[in-house]
2 protein chains.
Amino acid sequence: MHIQNVILGKEKFDLVIKNVSIVNVYTKEVYESEIGIVNGLIGHVNQPDDDSLEGIAYFDGKGMYAIPGLIDTHIHIESTMMTPTNLSNAIIPRGTTTLACDPHEIANVLGVEGVKYMVEASESIPLSVFTLLPSCVPSVENIETAGAEFYAEDISKMFEYERVIGLGEVMDFQGVINNAQRMNDILDVSKKYNGFIQGHAPGLTGRELSAYQAAGPNSDHEASFADEARYKLRAGMTLECRESSIVHDMPVLMPVIKELNYPENTTLCTDDKEPDDLMLEGHIDHVIRTGISLGGDPVELIKMATLNASKLIKMDDRGALAAGKKADVVLVSNLEEFQVKDVFISGEHVASNGKMINESVGKELKVESLNTVKLSKIESDTCFKIASNKDSIVTNVITYNPDMHIVTTCEEERIPVNNGYANISQRDDLSTLSVFERHGRTNNHQTAFVKNFKIKEGAIASTVSHDCHNLVVIGKNTDDMKVAANILISCGGGIVCVKNGEIIALVELPIAGLMSSDPIEVMAKSTNKLKEGIRSLGIDSVSPIIQVAAFSLPVIPHVRLTDKGLVDVIKQEIIPIIVE
Amino acid sequence: MHIQNVILGKEKFDLVIKNVSIVNVYTKEVYESEIGIVNGLIGHVNQPDDDSLEGIAYFDGKGMYAIPGLIDTHIHIESTMMTPTNLSNAIIPRGTTTLACDPHEIANVLGVEGVKYMVEASESIPLSVFTLLPSCVPSVENIETAGAEFYAEDISKMFEYERVIGLGEVMDFQGVINNAQRMNDILDVSKKYNGFIQGHAPGLTGRELSAYQAAGPNSDHEASFADEARYKLRAGMTLECRESSIVHDMPVLMPVIKELNYPENTTLCTDDKEPDDLMLEGHIDHVIRTGISLGGDPVELIKMATLNASKLIKMDDRGALAAGKKADVVLVSNLEEFQVKDVFISGEHVASNGKMINESVGKELKVESLNTVKLSKIESDTCFKIASNKDSIVTNVITYNPDMHIVTTCEEERIPVNNGYANISQRDDLSTLSVFERHGRTNNHQTAFVKNFKIKEGAIASTVSHDCHNLVVIGKNTDDMKVAANILISCGGGIVCVKNGEIIALVELPIAGLMSSDPIEVMAKSTNKLKEGIRSLGIDSVSPIIQVAAFSLPVIPHVRLTDKGLVDVIKQEIIPIIVE
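Residues numbered from 1 in each chain as written. Chains lettered and ligands numbered in written order. Predicted model: local features only at pLDDT ≥ 70, side-chain atom pairs only at ≥ 80, totals over all residues. Heavy atoms only, no water.

Novice: Quick question: what am I supposed to make of the environment of methionine 481 of chain A here?
Specialist: Residue and element names in this part refer to chain A. Mapping methionine 481 onto the fold places it in helix 14 (residues 478–491). Residue methionine 481 is classed as buried on the basis of its relative accessible area, which comes to 0%. Separated by 47 residues in the primary sequence, methionine 481 and serine 434 place their C-alpha atoms 8.7 Å from one another. Those residues in contact with methionine 481, other than ones at most four positions away along the chain, are Phe384, Thr432, Leu433, Ser434, Ala459, Val473, Ile474 and Gly475. (Helix = DSSP H or I, 4+ residues; strand = E, 2+ residues; numbered from the N terminus. Buried < 20%, exposed > 50% of the residue type's maximum accessible area, 1.4 Å probe, protein only. Contact = heavy atoms within 4.5 Å.)

Following this line, the structure appears as structure tokens:
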């Protein structure tokens with residue numbers, strides 16, 4: 001059958017969505033319409049005065065507004081802790097139909113196999129999951145041990161996978177502007193594929209921004225200041241406006257976007273969004289509601305999340321309600337409250353009133369049963385201690401400033417030594433941090449002290465620890481640290497809180513130590529309990545998971561502990577833990 | 001050298017354009033700026049408060065406005081009658097730096113060789129000439145003889161040529177919406193290359209437009225009515241707003257575009273522009289001035305001809321003044337009068353005050369010396385006559401309505417026969433039209449009468465005769481017709497006016513019978529003289545060349561003469577010349 005016959009009215013449409021107002025993202029008009037769907041595509045969208053469409057089936061959208069399926073241009077699925085299938089079940093009812101995701105978390109654990117897994121795991125699900133290849137694995141070279149390193153030849157090979165549409169956030173912006181060979185080669189290879197090259201340029205403006213942009217990346221989701229956002233928009237970078245679990249940029253960005261009258265180089269994204277926040281707030285629909293609450297125009301915000309997004313990711317088969325496009329149609333209650341009611345994907349009615357009509361069931365893939373926490377049970381707590389044969393030592397400690405969230409500084413502290421180990425039992429302000437390489441490559445482990453991190457008792461361990469996802473453990477006593485670490489070693493990864501030798505909260509993440517095969521209802525509940533657990537140990541944070549997961553992230557100033565040692569982030573050098 | 005070092009200020013820019021106001025096509029702002037150029041690319045564009053840039057050389061653009069190089073998204077170079085090199089010399093000083101051209105005129109004469117010639121002839125010239133492959137050669141199947149026919153396999157082969165970026169205007173919209181095999185196959189092949197598929201959909205709205213659009217084409221340059229334009233914009237087709245030598249759409253389109261607040265699916269184009277008009281009026285700069293004179297916003301019009309255009313043709317290496325883009329920069333006097341003063345291509349100063357600084361010289365290519373008028377000298381005028389052994393005949397005549405420009409109707413007329421030939425010497429309202437197949441394929445020739453075409457004396461002949469470009473001759477006396485035809489046969493093609501056996505005006509077009517290797521100064525003069533010549537024979541038309549070139553065009557209602565006979569355009573059938 002030729003769809004032209006249906007469109008011309010010689011045969012009936014498969015489905016006609018009637019009685020809706022459509023949001024036209026080209027002209028920014030809203031008018032009453034009907035949408036005729038054939039073979040999973042939009043066949044025709046009525047304009048005022050067009051004749052009614054005839055369908056084999058009808059859907060009455062009375063009182064609702066039809067918009068194109070929402071697109072998230074920058075998301076790490078691993079941060080949702082769910083498999084692509086469960087994420088699909090979770091966010092389709094929120095109106096999201098397409099993701100451009102960068103699987104760089106799993107890539108740091110499982111390398112090419114991890115990327116391949118994400119591609120395979122997102123096959124044959126209603127959500128369109130496109131892959132941007134992880135460009136910086138690991139985030140920085142030589143100062144920590146990841147499960148893999150990606151070079152240009154790896155990137156080139158992975159471009160042949162299905163639904164790969166470009167290169168993921170090019171985080172090593174210092175490498176790019178200073179002509180690091182690894183980044184030059186990866187960018188050169190990627191440009192050949194003519195795909196989207198996604199940027200990551202926190203704080204970059206002026207000549208540095210231009211140097212970065214001229215190398216290829218043309219978007220950014222890291223603008224957190226009004227001047228920075230304005231600069232990037234004028235420079236022609238596409239602002240991927242972010243509302244994640246951790247970072248809330250819309251209050252800063254919305255006024256700039258309004259001031260510049262909604263430039264077309266703007267999209268919406270969620271970056272890292274945890275399951276409980278997804279369940280409570282929503283996904284891109286939440287970003288749109290946030291924009292509306294900040295005085296943004298709903299039609300412009302919808303355009304950002306659809307037409308603008310499709311252009312950025314170079315997928316012009318979607319992003320608008322227009323003939324020939326994929327029939328991803330979302331019906332919302334109204335444009336002020338913006339509650340998603342019904343969702344159609346490729347013309348099929350897949351979700352209604354916040355629920356999937358039929359949930360997708362994931363196929364089991366080999367990667368899901370791999371144990372990626374390649375550590376033996378820890379028999380003694382000595383590996384959580386700093387040994388010395390002196391009476392006391394001076395050590396570099398990682399110091400938190402309560403006003404600076406996850407930014408740290410480095411201070412020297414003199415610590416007494418008892419029975420051969422540095423003893424911090426008299427120091428309420430200090431706790432112990434250990435990092436274990438868990439990819440079976442070096443068996444490195446490192447221990448250092450942390451100041452002003454407000455854990456009062458117990459221990460927390462996590463195999464989610466950006467970007468290499470080694471096992472991090474922080475605690476006030478080394479017995480609890482040992483228990484916490486061993487729990488994750490035995491369950492294949494996750495995040496756990498321990499107090500007095502007992503589990504307070506545990507999120508098991510057996511897939512690469514990052515994800516679970518549980519659905520959102522389970523994940524939201526356990527994540528929520530985990531956050532309460534972490535807070536109950538004294539850590540007063542709105543984002544307690546990232547607080548733990550960032551101990552080892554050697555791109556956040558000023559000092560971090562990796563499996564290779566204490567890292568001076570600015571100098572990108574290992575510095576001694578014991579100074580004297 | 002890495003351009004990053006220059007951009008960061010470690011080395012000097014090759015050139016800095018200073019003291020300009022730039023038109024920012026992303027934010028639609030205008031502000032003072034400097035543009036740093038390195039390796040032919042824009043390295044940095046200053047924003048307010050940025051430090052001054054250091055260059056090896058400087059250009060002082062005092063008082064001028066810098067805009068990106070202008071892009072024509074739909075042009076047939078053959079209609080300019082010039083080679084790509086001479087066209088480059090002619091329009092770069094007008095600010096045009098990029099063309100998306102459809103060489104379907106030469107394709108109808110020389111087939112694949114013609115397309116290849118246009119690609120080769122536009123190599124190594126400063127103007128960026130991108131090719132959209134001719135999709136409909138000939139425009140309609142089976143009712144005339146072209147020099148070639150293109151099928152999917154030809155299209156597929158030509159996609160491998162350099163600078164081919166898509167499929168040219170898909171004129172056979174009836175074929176597309178009715179699933180003609182030729183068009184289905186060509187569209188299927190073209191979609192694989194992920195390029196631009198250019199539409200041509202005169203008058204199409206509603207379900208027919210959707211049927212066409214769903215097949216692939218996503219633009220249109222044929223909208224001539226406000227309702228039609230509004231419909232297409234809402235449907236998501238990109239309107240390529242046209243000001244050609246023949247058709248002036250801006251007065252209709254500008255109000256619609258303003259009403260819809262300048263949707264981003266709009267570009268500018270010239271389609272068919274003759275050399276004298278190019279010389280007198282300009283090129284895309286003229287379309288912009290026309291828009292401004294109609295109350296259009298200059299910044300929005302500039303954006304249409306740059307950023308919007310680059311997105312339509314999928315060339316995101318240009319279309320804006322932004323880091324990493326090709327340094328095609330145009331300086332204009334101001335935004336109201338919009339006079340182009342200086343032009344930089346890939347950072348080189350190539351034109352100033354309406355003149356090239358160094359004119360490009362075309363290389364000689366084999367195709368240019370081919371004789372494509374494959375006809376022997378016509379010895380007798382009998383081929384311009386309709387023979388009969390009756391006393392009189394009834395013939396179908398092609399009838400002009402003076403109010404309808406080139407649209408015709410069909411009428412039956414009884415004509416007396418003298419000495420074996422129909423004789424119209426007593427009929428001031430009739431003239432004779434002959435068409436000769438000139439591609440050496442059939443040797444067909446046809447003669448019919450034309451009513452109300454106001455040629456009072458002499459004859460006109462042309463090898464420019466859309467779309468097959470056979471030799472057409474129209475005249476009041478068959479002796480002049482013979483002279484006119486023989487002149488073109490002996491010079492290898494062109495357009496000629498003859499009166500009393502003498503040439504009044506002749507434009508020689510030896511390249512495919514369509515183009516000359518003469519520069520614009522020569523071509524503008526001879527074309528102008530030709531138009532005067534045609535008018536001196538009684539033809540009162542603002543576009544006399546197309547008036548002649550359209551006699552044989554079997555897609556313009558209602559009746560045309562091709563080398564195969566009289567064509568009923570609506571039915572796409574040959575009808576008899578002699579009825580009884």
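Novice: In this structure, what is going on with the packing of helix 12 (residues 284–293) of chain A against helix 13 (residues 298–312) of chain A? I would like to understand it.
Specialist: When two helices pack together, their arrangement is captured by the angle between the axes and the distance separating the axes. Residues and elements named next belong to chain A. One way to put it is that helix 12 packs onto helix 13 with a least axis distance of 9 Å and a crossing angle of 145°. For the pair helix 12 and helix 13, the crossing hand works out as right-handed. For the pair helix 12 and helix 13, contact is made by Ile284, Ile288, Gly291 and Ile292 and by Pro298, Leu301, Ile302 and Ala305, respectively. Across the contact of helix 12 with helix 13, the residue classes break down as 7 nonpolar, 1 polar and no charged. (Axes fitted to C-alpha atoms, helices over the stretch in contact; angles between N-to-C directions. Left-handed = near helix turned anticlockwise from the far one by under 90°. Nonpolar A, V, L, I, M, F, W, Y, C, P; charged D, E, K, R; others polar.)

Novice: Can you help me understand the sheet that holds strand 12 (residues 238–242) of chain A in this one?
Specialist: Strand pairing in a sheet relies on backbone hydrogen bonds, with the paired strands running either antiparallel or parallel. All names here are of chain A. The parallel open sheet is built from 3 strands, whose spatial order is 11-12-13. Each of the sheet's edge strands pairs with one partner strand only, and the pair in question is strand 11 (219–220) and strand 13 (266–269). Two elements, strand 12 and strand 13, share 4 bridges in a ladder whose sense is parallel. From the neighbouring strand, cysteine 241 faces strand 13, where its bridge partner is leucine 268. On top of the sheet, helix 12 reaches strand 12 and strand 13; it is set at about 120° to strand 13, its chief contact. (Pairing = 2+ DSSP bridges.)

Novice: Would you mind going over the side chain of glutamine 47 of chain A with me for this structure?
Specialist: When you line up the elements, glutamine 47 of chain A lands in the loop between strand 3 (41–45) and strand 4 (55–60). Of the polar contacts made by the side chain of glutamine 47 of chain A, one reaches the backbone oxygen of tyrosine 231 of chain B; its length is 2.9 Å. Each residue touching glutamine 47 of chain A, except ones within four places of it in the same chain, is listed here: Tyr31 of chain A together with Arg230, Tyr231, Arg234 and Ala235 of chain B. (Polar contact = N/O pair within 3.5 Å; in protein donor to acceptor, adjacent residues only side chain to side chain.)

Novice: For this particular structure, what's the right way to read the nonpolar core?
Specialist: What tends to happen in soluble globular proteins is that the nonpolar side chains get buried as a cluster. Counting residues in hydrophobic clusters, the biggest one holds 110 residues, and the most contacted among them are Tyr117, Leu268, Ile288 and Ile460 of chain A. In contact with tyrosine 117 of chain A, not counting residues within four places along its chain, are Thr83, Ile106, Leu365, Val367, Glu368, Ile511 and Met515 of chain A. The next biggest cluster of nonpolar side chains, apart from the first, holds 109 residues, and it includes Leu268, Ala351, Met356 and Tyr400 of chain B. (Core = buried A, V, L, I, M, F, W, Y, C linked by side-chain atoms within 4.5 Å.)

Novice: Would you take a moment to explain the interface of chain A and chain B for this structure?
Specialist: It is common to give the size of an interface as the accessible area that goes away when the parts come together. Taken together, the contact pairs 55 residues of chain A with 55 residues of chain B. Carbon and sulfur atoms make up 48% of the surface buried where chain A meets chain B, a total of about 4200 Å² over both sides. When the buried area of chain A at its contact with chain B is split by residue, Arg207, Arg234 and Glu264 of chain A rank highest and sum to 19% of it. In this structure, the connection of chain A to chain B is made through 8 salt bridges. In this assembly, chain A and chain B are joined by 24 residue pairs in polar contact (both at pLDDT 80 or more). (Buried area = accessible area lost by both parts, 1.4 Å probe. Salt bridge = Lys/Arg side-chain N within 4 Å of Asp/Glu carboxyl O.)

Novice: What exactly am I supposed to notice about the sheet that holds strand 20 (residues 421–422) of chain A here?
Specialist: All names here are of chain A. The sheet built from 9 strands is open, its strands ordered 20-19-18-22-21-24-23-25-26 with mixed pairing. Since the sheet does not close on itself, it has two edges, and those belong to strand 20 and strand 26 (502–508), each with one partner. Alignment of strand 19 (residues 408–418) against strand 20, held across 2 bridges, turns out to be antiparallel. Bridge pairing in strand 20 places asparagine 418 opposite tyrosine 421. Sitting on the sheet, helix 14 is in contact with strand 21 (430–436), strand 23 (459–462), strand 24 (471–475), strand 25 (494–499) and strand 26, with an inclination near 150° to strand 25. Set on the sheet, helix 15 (residues 520–536) makes contact with strand 23, strand 25 and strand 26; between it and strand 26 the angle comes to about 140°.

Novice: What is the right way to look at the relation of the copies chain A and chain B in this model?
Specialist: A rotation about some axis, followed by a shift along it, carries one copy of the chain onto the other. Turning chain A through 180° and shifting it by 0.0 Å along the axis lays it on chain B, with an RMSD of 0.1 Å. Between the two chains, the operation in question is that of a two-fold axis. Interface overlap between copies: 100% of the residues of chain A at the interface are likewise at the interface in chain B, consistent with a symmetric, same-surface contact. (Least-squares fit on C-alpha atoms with pLDDT ≥ 70 in both.)

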